[in-house]
Amino acid sequence: MLYRLSFVYPPKEDGFGAIRDSFFNSFRIVDVEGYWFDKNPEPGERAAVVSRGNACIVNKYSDYFSFYSGPYIREGVGLLIPSDVDNFENTIDQTVAIVNNTAYFASPEEEHQMFFVPYEDLPDKSFQVNFGFILKEDSAAKCPPFNYQATWIEMNSN
Amino acid sequence: MGNILKVKIALIIFSLAILILIPLLETNFYAPVTYKKWQQLIWDDFQGIAKPFTGWGAGISSGIQVEWDSTAEKFKAYAVQDNQSSWRRKVLNDPDYVLNHEQYHFNITEIHARILNLYLDSIQQQGNTNYRDKLITLKFKLDRMQDAYDGESDHGANWGMQRRWEYKVDSMLHELSDEKGKLTDYFSGAEIFFPTRPDLYKQNKVGFRPSRIYSLIDYGVSLTLFQSRFEEHEKFNLNYEIDNFFHEKSLQILSRTSVNTTYDFEVLVDSKDTTDRIVSTRWIYHN
């Protein structure tokens with residue numbers, strides 16, 4: 001992750017150096033993994049949480065790249081990718097994560113999306129996750145377009 | 001003869017004084033005092049008589065009032081402003097600027113009312129309602145802060161220091177609010193303090209790095225936290241990314257300092273834009 005703090009101020013004025021230092025020094029990085037796992041509903045608690053299977057979907061490399069957190073892997077729980085994709089005006093039909101040619105479907109959240117794959121389904125070695133969504137307007141198609149982006153995950157071998 | 005003249009002059013002065021005092025009595029001395037609880041001030045809140053021979057444009061009288069809140073069943077402190085002891089001169093060069101300066105006096109009082117409320121909550125939970133000593137201590141601190149505000153900002157005449165005080169006071173108010181001032185971005189893990197709530201922008205278009213940007217333009221400055229996903233394998237590109245930022249924005253780099261840090265990478269770069277404004281940046285990479 002790259003962070004840039006910027007402070008733009010007029011020259012030759014008293015007081016602004018102190019504001020800049022106060023702003024810059026207030027920055028820190030906190031561990032948010034626990035926050036997301038606490039927020040992620042247990043499978044079964046959400047209406048259409050993670051149903052899995054083979055799906056006929058057409059990969060459509062998305063023109064919308066979301067900012068996502070993680071990916072996080074918790075032993076015994078699973079893989080979690082929180083993403084800041086808004087379900088803008090309720091346009092998303094389903095979210096999908098694909099690992100090892102298996103699709104994991106979930107119903108969309110309002111403000112952000114949580115892509116989840118159960119731990120027992122994760123490969124032992126490194127693997128790619130494609131995650132994204134199917135739009136409502138496409139959902140009636142036999143093989144709807146899957147707007148996705150991808151990330152590569154290195155599994156620890158120990 | 002001389003004495004009679006003196007008496008006559010004294011009578012004339014006395015009569016004139018009465019004539020001047022009558023309207024003052026009507027308009028002010030008997031005018032009802034209202035105590036406005038903390039909120040945005042308007043000039044109508046300044047009904048007092050301007051201090052004679054003052055060099056300042058306005059003055060505010062504010063203080064802390066403790067009331068029994070029958071709904072919450074506890075004592076609660078409020079910052080209040082006295083309309084009859086607050087005054088303004090009729091003609092002001094920049095009334096909005098002056099009013100803003102006075103508003104921050106009121107805001108400083110509100111800070112201390114909130115501190116008192118924290119104290120009141122803590123003692124009332126223990127069944128105690130004796131807040132008098134704390135109020136006296138806070139009053140002393142409040143007066144000192146008001147004096148420091150006027151002193152350092154030169155009653156608002158020093159524009160930069162006025163802005164710095166506004167930042168400081170808003171920061172304290174924000175810290176004493178329910179939000180506690182800190183902003184945490186749960187997507188990036190960044191935690192940072194903004195004096196007020198910044199705007200959030202998202203960059204999600206293909207061709208650009210996905211990013212989340214918090215921006216606040218106030219106090220005569222611009223504060224930004226820019227966050228983008230930058231993967232481990234791209235790390236070798238960091239310096240290019242930084243140079244490119246300054247190049248694209250036509251910023252002239254004034255200094256660049258690498259920082260020995262707990263993060264994977266950190267650098268401070270000062271630059272100036274085409275209008276000579278200083279653009280200070282702190283870059284942090286951490287995975």
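This one's a predicted model, so the numbers in the text were calculated from it and none came from an experiment.

Undergrad: I'd like a description of the overall build of chain A, backed by residues and values.
TA: When helices and strands are counted, chain A shows 2 helices and 11 strands. For chain A, the succession of helices and strands along the chain, N to C, is β-α-β-α-β-β-β-β-β-β-β-β-β. In chain A, 62% of the contacts between residues at least 6 apart in sequence involve partners at least 24 apart.

Undergrad: Pulling in residues and values, what's your account of the overall build of chain B?
TA: Within chain B one finds 5 helices and 13 strands. Its C-alpha atoms give chain B a radius of gyration of 27 Å, clearly above 19 Å, the size a compact globule of 287 residues would have. Its C-alpha atoms give chain B principal-axis dimensions of roughly 100 × 55 × 35 Å. Residues classed as buried in chain B amount to 28% of the 287 residues present. Long-range pairs, those at least 24 residues apart, make up 55% of the contacts in chain B with a sequence separation of at least 6.

Undergrad: Before we move on, could you go through the sheet that holds strand β7 (residues 190–193) of chain B and cite the residues and values that matter?
TA: Reading across from one edge, β2(A)-β7(B)-β6(B) is the order of the 3 strands in this open sheet, with antiparallel pairing throughout. Each edge of the open sheet is held by one strand with a lone partner, namely β2 (28–29) of chain A together with β6 (182–185) of chain B. Bridge analysis of β2 of chain A against β7 of chain B gives 2 bridges, and the strand direction is antiparallel. Pairing of Arg28 of chain A across the sheet is with Glu191 of chain B, part of β7 of chain B.

Undergrad: How would you explain the packing of helix α2 (residues 95–125) of chain B against helix α4 (residues 159–175) of chain B if you had to name every residue and give the values?
TA: All names here are of chain B. Remark: α2 packs on α4, axes separated minimally by 10 Å, with the N-to-C direction vectors making an angle of 30°. By the angle between their axes, α2 is roughly parallel relative to α4. Helix-helix and strand crossings are classified by hand; for α2 and α4 the assignment is left-handed. Contacts from His101, Tyr104, Asn107, Ile108, Glu110 and Ile111 in α2 reach Gln162, Trp165, Glu166, Val169, Met172 and Leu173 in α4. Counted by class, the contact of α2 with α4 contains 7 nonpolar, 3 polar and 2 charged residues.

Undergrad: Outline the sheet that holds strand β6 (residues 78–83) of chain A, listing residues and values.
TA: Pairing between the strands of a sheet is mediated by backbone hydrogen bonds and can be parallel or antiparallel. All names here are of chain A. Strand order in the open sheet formed by 3 strands is β5-β6-β9, with antiparallel pairing between adjacent strands. Looking along the sheet, the strands with just one partner apiece sit at the ends: β5 (72–74) and β9 (113–118). For this sheet, the mean inter-axis angle between neighbouring strands, taken without regard to orientation, is 20°. Two strands pair when backbone bridges link them, and β5 and β6 are joined in this way by 3 bridges, in the antiparallel orientation. Bridge pairing in β6 links Ile73 to Leu79.

Undergrad: Quick rundown of the interface of chain B and chain A? Include the residues and the values.
TA: Contacts between the two partners involve 46 residues from chain B and, on the opposite side, 38 residues from chain A. When residues of the side of chain B that touches chain A are traced back to their parent elements, those giving at least two are α4, β7, β9 (211–218), β10 (221–228) and β13 (278–285) of chain B. Residues that form the side of chain B that touches chain A fall into these classes: 21 nonpolar, 16 polar and 9 charged.

Undergrad: Could you give me a rundown of the nonpolar core, with the residues and numbers involved?
TA: Ranked by size, the top nonpolar core spans 28 residues in total, and within it Tyr3, Phe7, Tyr9 and Ile19 of chain A together with Val221 and Leu225 of chain B carry the most contacts. Looking at this core, the elements with two or more residues in it are β1 (2–9) and α1 (16–25) of chain A together with β7, β10 and β13 of chain B. Examining the composition of this core, we find that 6 residues originate from one element, β1 of chain A, more than from any other. Setting aside anything within four residues of it in sequence, one finds Val221 of chain B in contact with Phe7, Val8, Tyr9, Phe16 and Ile19 of chain A. Counting residues in hydrophobic clusters, the runner-up holds 24 residues, among them Leu80, Ile81, Val85 and Met114 of chain A.

Undergrad: Residues and numbers for the confidence of the model for chain B, please.
TA: Residues and elements named next belong to chain B. When pLDDT is averaged along chain B, the result is 89, and 95% of the positions lie at 70 or above. Within chain B, helix α1 (residues 2–29) has the poorest average pLDDT of any element, 71, and β13 the best, 96. Interface confidence in the predicted complex, given as ipTM, is 0.87; pTM for the same model is 0.80.

Undergrad: An account of the pairing of β9 of chain B is requested, with residue identities and associated values reported.
TA: Residue and element names in this part refer to chain B. Alignment of strand β8 (residues 199–203) against β9, held across 5 bridges, turns out to be antiparallel. Paired with Leu200 across the strands is Tyr214, a residue of β9. Of the pairings in the sheet, the one linking β9 to β10 comprises 8 bridges and is antiparallel in character. Within β10, the residue paired with Ile213 across the bridge is Phe226.

Undergrad: Now, about the pairing of β6 of chain A: what can you tell me, with residues and values included?
TA: Residues and elements named next belong to chain A. Of all 6 residues in β6, 6 are buried; the element is thus mostly enclosed. Hairpin remark: β5 followed by β6, antiparallel, with 3 residues in the connecting loop; positive phi at Gly76, about 85°. The pairing of β6 with β9 spans 6 bridges and is classified as antiparallel. The partner of Gly78 across the bridge, within β9, is Pro118.

Rules and cut-offs
- Residues numbered from 1 in each chain as written.
- Chains lettered and ligands numbered in written order.
- Predicted model: local features only at pLDDT ≥ 70, side-chain atom pairs only at ≥ 80, totals over all residues.
- Helix = DSSP H or I, 4+ residues; strand = E, 2+ residues; numbered from the N terminus.
- Contact = placed C-beta atoms within 7 Å.
- Rg over C-alpha atoms; globule rule 2.2 N^0.38 Å.
- Buried ≥ 20, exposed ≤ 12 C-beta atoms within 10 Å, placed from the backbone.
- Pairing = 2+ DSSP bridges.
- Axes fitted to C-alpha atoms, helices over the stretch in contact; angles between N-to-C directions.
- Parallel < 35°, antiparallel > 145°, perpendicular 65-115°, else oblique.
- Left-handed = near helix turned anticlockwise from the far one by under 90°.
- Nonpolar A, V, L, I, M, F, W, Y, C, P; charged D, E, K, R; others polar.
- Core = buried A, V, L, I, M, F, W, Y, C linked by C-beta atoms within 7 Å.
- pLDDT = per-residue confidence, 0-100.

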